[in-house]
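# Descriptive structure summary
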Amino acid sequence: MAEEQSNGHKWTMIVDADKCTGCQACVVACHAENNVPVSSEDEVIRGRAMHWMRIERYWEGEYPNVKARFLPVFCQQCGNAPCEPVCPVYASYHSTEENINIQVYNRCVGTRYCGNNCPYRVRIFNFWAPRFDAPLEQQLNPDVTVRSPGVMEKCTFCIQRIRRGREQANIEGRPLEDGEIIPACAQACPTDALVFGDKWDENSRVAQMVPSERQFKLLENLGTEPAVYYLKGGETHVGE
Amino acid sequence: MTHLTRRDFLKVSAAGTATAILAGCAQETERWVALEPYVRAPEEQLAGIPNWYASTCRMCPAGCGIIVRVMNGRAVKIEGNPEHPVNRGKLCARGQSGLQLLYNPDRVTGAVRQGERGSRKFEPLAWNEAINTLYEKLDAADQAVAIWTGSATSGHLCDLFARYAGAVGAPAPLRYDLTSALNSVGALAAANNALFGQATLPGYTLAQADVIFSFGADFLGAWLSATGFGVEFGQFRSQRFGKRGLLVQFEPKMSITGAKADRWVPVQPGAEALVAGALLRIIADEGFGGAERAGLAAALAGEVDLDAAAAACDVPLADLVALARAFAEAERPVAIPGGALAGASNGVAAVTAVQALNALAGSSGLGFTPALPTALAAPGWSSYAEVQALVERMSAGQVRLLLVHGANPVYDLPPGSGIADALAQVETIISFNPLVDETSALADYILPDRTYLEGWGYEVVQPAFRGLPVVSSQQPVVGPFHDVRPTGDVLLTAARGIPAAAAALPWTDEVAFIREQITALPKGASGGDDDEVRWARFQQHGGWWPEAAPESAAPELAAQGTLDVAGAAFDGEAAQYPYYLHLFPSVLLGDGRGASLPWLQGAPDPLTTVSWQTWVEINPTTAQALGVDHGDVVRVESPHGAVEVPVYVFPGIRPDTVAIPLGQGHSDLGRYARERGSHALHLVGAALDDVGANLAWSSARVRVTKLDKKQALARLESTIDPGEDIHVPF
Amino acid sequence: MLESRATIGPYWDEPLPDDEHLARQVEHGREEHLMLDARPPAELNQLTLARMRQTGPRFWIALAGLGALTLAFFIAWAIQIVSGLGITGLNRSVMWGPYIANLIYFIGIGHAGTFISAALRLMRMDFRRPIARAAETITLFGLACAALFPIIHVGRIWKLFYMLPIPNQRDLWPNFRSALFWDMMAITTYLIGSTLFMYVALIPDLAMARDHMTGWRRKLYSALSLGWRGTEGEWHRLEVVSNLLSFVIIPVMFSVHTGVSWNLSMAIQPGWHSAIFGPFFVVGALYSGVAAVILVMIIVRKTMRFGYFMREEHFNAMGIFLLILTLTWIYFYFAEWITNWYGNLPLEKAVQAMLTGPLAPLFYLMLFCNIVVPLGTLWSRRVRTSLPAMLVIGILIQVGMYIERVLIVSGSLSRNELPFNWVNYTPHWPEVTVTLGTLAFLGLLYMVYTRFVPIIPVWEVYEGQAMQGSRRVGRAVMSTRTEVH
């Protein structure tokens, strides 16, 4: 589905890998905002940790010249998403208003085809019914549904915040301002490694950051046209 | 259709198929499929209107400002307060998880009495009875009362406790816990006092620094004020004209700060002072940074064996020279001491040696928290020597009543401190903690305080950022979730019966006390000409701080003479215990408080991606020599104790060092923490450092024995080695 | 010099030639070939019907055993529905496991039945006649079992109807771009087509059964045989319909397994994304399918004592067919493997490295079952006509082909673009129970079916035998066929 600039917004995230410290603030913020259940130790061991957002850590080199690189990975909101055509029931669907990829939980039958076809492996399957030991359920965000067992879920760019922001702007009869809508992860990030905005708004921060020479897209060769841009980590050299 | 031949049939089917395929490919599917996004809620459904309340985070003592989203009386999300000078709208994982303390399933839901200590059988107690009991015990104990507070104790409560103790003539309340030990507040204050005549915690301005040399301080992870430093670091990496600064991290085990460093220097534990001294020596010898800086360096640096320093860093001397040059020639260099080096036996000397580096460039990046215009001040931290004194008094039966608030001494101290035996000698122990922790399990009464999201308070922030003094406000964002009472009110009520205390604590409730303290402050950045408005603004904006930082000069070097660069001493013979033990607070669980919160347990450790567990990090070379791999359980044994933990083969650690995170190994603290992992503090002795004030918690050597056991590590990352061909995709 | 047949009489009574040598030849021919060893139709009928009604203790024991396993399967499934897919061994990277491998496998074994029947019918191969129905039946039930698996596999079985194009107020339709949808359509079409194909050929035999039965069975067969009377017009229409369906069913058959393979190859998963998968899977399906038909033939012949109908010639012919398929399959597998190996793309290499690394035991077992054993033995006629040997080979091919599917589905998934997310897969009890239980279910259905339906297409055998003749050419007797169109 081709995206047309005629209407809507092109919500975009910039991830500055140079600033990401791997501190997990975004991960916990995402759990809190999106009612993502916590996986038990056994589930993690079985490779079923549920995080809409994860920070991948890659080692480079060997002691003593070893480096650890952090790469926050979440749904890339592909413009040309591999998960969309494979879903037999249109549960994975491309929004023409936000221009992101949307997962419709109550349509999902749980074929998990989208999960297989996502090269980023950011789609999370509810293997069990989500569990919140009482009274932890008091914390659940009323703007976001708790997903039933058997459905796929994933990062939504905090669409509830996008919609709320748009509604607020509509009520006040003004256009959206840059920085008015911030997903939970970017909101929490202490180092400002995550920047969110509308790429089609020329004056937005993201629109100005995208042309950076440090910019790359994750698995760009697959042609998925992600709406998440990464800025490569730099290095200031000293010594040998 | 009577003469449908086979051939015709095939023709027709082929044509039909072709048409269908062509039609299907040529058009967007939307032509036939009407899609209505379910994410659009039905029109008649109104989203609730959230209320946002400003308050202060108490998951660690940094004093970050938070705003809490409350919908229908439920707190649903904590975010950073954008106005707050410390965290500037940002919040770490631990701060986010405060909600799970509020709604923790294992909270003590009301006042309880424990018949037999450690039985964990609690009988409910009516609050008037509980307060009466507190009064009776206070009255009976008179001067023989001891008060133990910690990171989770609000500033106002520290003040109230101190006033009470002063009034009845009891020793001043203790403020000590594992957080203060791991932050090495004692060593930092002592070093600052020696160098600059300022016995407080240091603040650093990193945003404009061009070079940061951090010695062991995981200032992006779990050290002092990580969120505030995180904000500074973000700005440090994106300075004007594309400048991104140089960060060099000296530490034996890579922390997340080390991971973000441009250069990670694996310095041998205990040799940090030597390396700092060597840097000064090189600057002095080579005349780096101009005559003034080199001269200052020469004055500070004594005789240093440069080759030994380079060897201790596992780097060539040329690299050390290059690093010294980079530091000396920088416009605004900053040196940060902290972490394990400050917990070594030479902790104060090591911190002093590193901190002295700042003086070279006029300490432009270093700052100390300015005093407030009123008498309001941050409560001081107690030293471990004071803890020892109290433990001795308790053991001697001189303490009849112990009040514990916001600390967990049984978990926070190494077993060698004798805390468990000492507690047994105390007639009555009353805990005010919200969960049954290891200390509450030994208490006779638990009179649970409100959690910080339900209660009042303030925090005088230390260290402050950019020289801005801050009193951060804490207010209830939701009604109390259980039948719990604020300890301040409980104390004020009980104290009314004790004449001396009643005179010293005349306030009707704690809010009156807080209000009095706050309204005494002058007009701050949020304005307010009269008391009423100032009090309201204090709550509304999340605290009080001046519009601009008060004028203050960069810290002047007060000390004279050369630095002490002697190495640290370690417990255990090198032959018997071949490895240094490097303990570090978990980025997520902190000093162990986080272990009761599933979000923090379930979030992966940044570097190992392990959740829910304790592990020991071992260098690949060492692991090979020991014949161990990921998930092999080993016995790590020091002269003081032993733990059994699974191995994580960690590339970023010295081969002569093994590292274990702290935070797990609770015997209490609720279902998520209990019986999970190991508490590596059991490997540490209870000895004081060289200056005789602080716990030398980073001074153990260990041996590692492979056991015939395996424990699968709960890693988020793949457990499969991708091999040589697979390249990191960036 | 040609000499026409001397006697005219009932062909099953055809006397032996006087010439002793010729007589030996004819006798030999009768021993070897079912088509030459004609029996009166009544005898054929009786032979088939008698076995249908025969249930010994062994039958009931087998039935109970298979029934118990089937029950275990349904219980496991029920538990899985109630507690969620968490009880399986699937994980965040390997979201498809043996359930999808089972789908492919069961479609595969169901594949050959109709193909043998339809293709051989079109090619006028006589050896198909006695085994056609046994083969078609395995298609029917194999496909039915296969069709269970998408249902077992999904997370929310109670919402599965979303996949059906049911007109609705919201104009919400299934996604025609999804390979899963194509697959569902193909399976449904094939299931309907195969059922029709088998049923049409069954009508005369059902009518025969009706004529020989009493009581409820007679009523049942009366209803099922749709009033077949055996008029010339009916036979003619049967002929036309059978041939037409044979033509239709073959492309559908190709579509089914191509569709299944496209579920995998349309995805951009390394190890899946390969253009060869369509034909490769079709061949693989035929391979395991023909092996399955041989297994069924052995079991049916042994348990129902159909030695008369299923002879060495049939096993020999099927064995040759199997050998051809072995070679074809090896060719495809080699082509797939060498392309990836030579291409040397890191991720494709990672998938291959895993096969020869941690999964090596399975991989080599698969190669042994699918290549070494069939290729080494099927050349020999003695092996092809030995029932025990063919039984072993048939089972090994089933095992090998099953492993191959699991390796392709779950093995590939465990290696993906970001090495951070590689997770290996180990099955847990639900997958094992459901897989074994479904095999038992297939067996159970088959067993029960053989007791209700003449598993030998009597009329086809009868027709074949009737069409045989013999000509003497010099000192030799050669059989003649008279099937013309």
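Residues numbered from 1 in each chain as written. Chains lettered and ligands numbered in written order. Predicted model: local features only at pLDDT ≥ 70, side-chain atom pairs only at ≥ 80, totals over all residues. Heavy atoms only, no water.

### Examining the interface of chain A and chain B
What counts, and what does not: Should any heavy atoms of two residues lie within 4.5 Å, those residues are considered in contact. Summed over both partners, buried area is the accessible surface (1.4 Å probe) that two parts give up on being assembled. Two N or O atoms count as a polar contact when they lie within 3.5 Å, although within protein this holds only if one can serve as hydrogen donor and the other as acceptor, and sequence-adjacent residues are included solely when both atoms are side-chain atoms. Each helix is a run of H or I in the DSSP string that is no shorter than four residues. Each strand is a run of E no shorter than two, and both are numbered from the N terminus. Residues were grouped as follows: Ala, Val, Leu, Ile, Met, Phe, Trp, Tyr, Cys and Pro as nonpolar; Asp, Glu, Lys and Arg as charged; and all remaining residues, including Gly, as polar.
Each partner contributes to the interface: chain A provides 76 residues, whereas chain B provides 95 residues. When chain A packs against chain B, the two sides together hide about 7100 Å² of surface, and 62% of this comes from carbon and sulfur. Counting across the chain A and chain B interface gives 30 residue pairs in polar contact (both at pLDDT 80 or more). Looking at the side of chain A that touches chain B, the elements that each hand over two or more residues are helix 1 (25-34), helix 2 (41-45), strand 2 (54-60), strand 3 (67-73), helix 5 (159-171) and helix 6 (184-188) of chain A. In terms of residue count, the dominant contributor to the side of chain A that touches chain B is helix 1 of chain A (6 residues). Taken together, the residues of the side of chain A that touches chain B sort by class into 40 nonpolar, 16 polar and 20 charged.

### Comments concerning the confidence of the model for chain C
The predicted coordinates of low-pLDDT regions are not to be read in fine detail. Residues and elements named next belong to chain C. The following threshold applies: Each residue carries a pLDDT score, the predictor's own confidence in it, on a scale running from 0 to 100.
Considering every residue of chain C, the mean pLDDT works out to 89; 97% of them sit at 70 or more. Under a pLDDT of 50 for its full length, residues 1-8 has, in the predicted model, 12 contacts with residues more than four places off or in other chains. Across the assembled chains, the prediction reports ipTM 0.95 with pTM 0.92.

### Describing the pairing of strand 2 (residues 65-71) of chain B
All names here are of chain B. Put simply, the rule reads: The cut-offs for exposure are 20% and 50% of the maximum accessible area for each residue type, with area from a 1.4 Å probe on protein chains only; residues under the lower value are buried, those over the upper are exposed, and the others partly exposed. When DSSP finds at least two bridges between two strands, those strands are taken to pair.
Burial analysis of strand 2 places 7 of its 7 residues in the buried class, the great majority of the element. Every second residue of strand 2 is oriented toward a common face, with Gly65, Ile67, Arg69 and Met71 on one face and Ile66, Val68 and Val70 on the other, all of them buried. Alignment of strand 1 (residues 51-56) against strand 2, held across 6 bridges, turns out to be antiparallel. Looking at the pairing, Tyr53 lines up with Val68 of strand 2. Pairing of strand 2 with strand 3 (residues 74-80) involves 6 bridges; the strand directions are antiparallel. Bridge pairing in strand 3 links Ile67 to Glu79.

### Observations concerning the pattern of salt bridges
Filter applied, for reference: In the sections that follow, a salt bridge refers to a side-chain nitrogen of Lys or Arg positioned within 4 Å of a carboxyl oxygen of Asp or Glu.
Taken as a whole, this structure holds 69 salt bridges over all chains when the rule is applied. In this structure, the salt-bridge partner of Glu153 of chain A is Arg147 of chain A, at a minimum N-O distance of 2.8 Å. Here Glu153 of chain A matches Arg147 of chain A in class, with each residue buried. The partner of Arg39 of chain C in a salt bridge is Asp37 of chain C, and the shortest N-O contact between them spans 3.8 Å. If you follow the salt bridges from partner to partner, you end up with Arg121, Asp126, Arg128, Arg129, Glu460 and Glu463 of chain C in one network.

### With respect to a negative patch on the surface
Stated formally: What goes into a patch is any residue over 30% in relative accessible area without a salt bridge, connected to like charges within 9 Å or, for nonpolar side chains (Val, Leu, Ile, Met, Phe, Trp, Tyr), within 5 Å. For accessible areas, the Shrake-Rupley method is used with a probe of radius 1.4 Å. Any residue's cover is judged against the shown protein chains and nothing else. In this charge count, Lys and Arg are treated as positive and Asp and Glu as negative; neither His nor the chain ends contribute. A charge is said to be at NZ when it belongs to Lys, at CZ for Arg, at CG for Asp and at CD for Glu.
A surface patch of like charges, here negative, comprises Glu62 of chain A together with Asp721, Glu724 and Asp725 of chain B. One can find Asp721 of chain B in the segment after strand 25 (701-710).

### As for the nonpolar core
Which entries qualify depends on this criterion: We call a set of buried residues a nonpolar core when its members are Ala, Val, Leu, Ile, Met, Phe, Trp, Tyr or Cys and they connect through side-chain atoms within 4.5 Å of each other.
Among the nonpolar cores identified, the biggest contains 345 residues, and Met13, Phe157 and Leu194 of chain A, Phe215, Phe250 and Leu320 of chain B together with Trp329 of chain C are the most heavily contacted of them. Tallying contributions element by element places helix 6 (residues 179-212) of chain C first for this core, with 17 residues. Once you skip the residues sitting within four places of it in the chain, Phe250 of chain B turns out to touch Phe213, Ser214, Phe215, Gly216, Val265, Val267, Val275, Leu279 and Leu323 of chain B. Listed in part, the 51 residues of the second largest apolar core include Ala340, Ile618, Val658 and Leu683 of chain B.

### So, the sheet that holds strand 11 (residues 263-265) of chain B
Residues and elements named next belong to chain B. Here is the rule: All axes are obtained by fitting lines to C-alpha atoms, using only the stretch in contact for helices, and the reported angles, taken between N-to-C directions, cover 0 to 180 degrees.
Strand order in this open sheet of 4 strands is 11-10-9-12, and the pairing throughout is parallel. Whereas interior strands pair on both sides, the edge strands pair on one side only; in this sheet they are strand 11 and strand 12 (333-337). With direction set aside, neighbouring strand axes in the sheet form an average angle of 15°. Alignment of strand 9 (residues 211-215) against strand 12, held across 5 bridges, turns out to be parallel. Bridge assignment links Phe213 to a residue of strand 12, and that residue is Ala335.

### Thoughts on the sheet that holds strand 1 of chain B
Residue and element names in this part refer to chain B. Here 3 strands make up an open sheet; going across it, the order is 1-2-3 and the pairing antiparallel. Each edge of the open sheet is held by one strand with a lone partner, namely strand 1 and strand 3. Here the average twist between neighbouring strands, direction ignored, is 30°.

### Quick look at the packing of aromatic side chains
Worth spelling out the cut-off: Pairing of aromatic rings covers Phe, Tyr and Trp, the last through its six-membered ring, and needs centres within 6.5 Å; plane angles under 30 degrees mean stacked, over 60 mean edge-to-face, and all others mean tilted. Cation placement over rings: the criterion is NZ of Lys or CZ of Arg within 6 Å of the ring centroid and within 35° of the ring normal.
Counted according to the given criterion, the structure contains 58 aromatic pairs over all chains. On the basis of an interplanar angle of 80° and a centroid distance of 4.9 Å, the ring pair of Phe125 of chain A and Phe127 of chain A is categorised as edge-to-face. As far as the burial class goes, Phe125 of chain A and Phe127 of chain A line up, both buried. A cation over a ring is seen here: Arg107 of chain A above Tyr162 of chain C, with NZ or CZ 4.6 Å from the ring centre.

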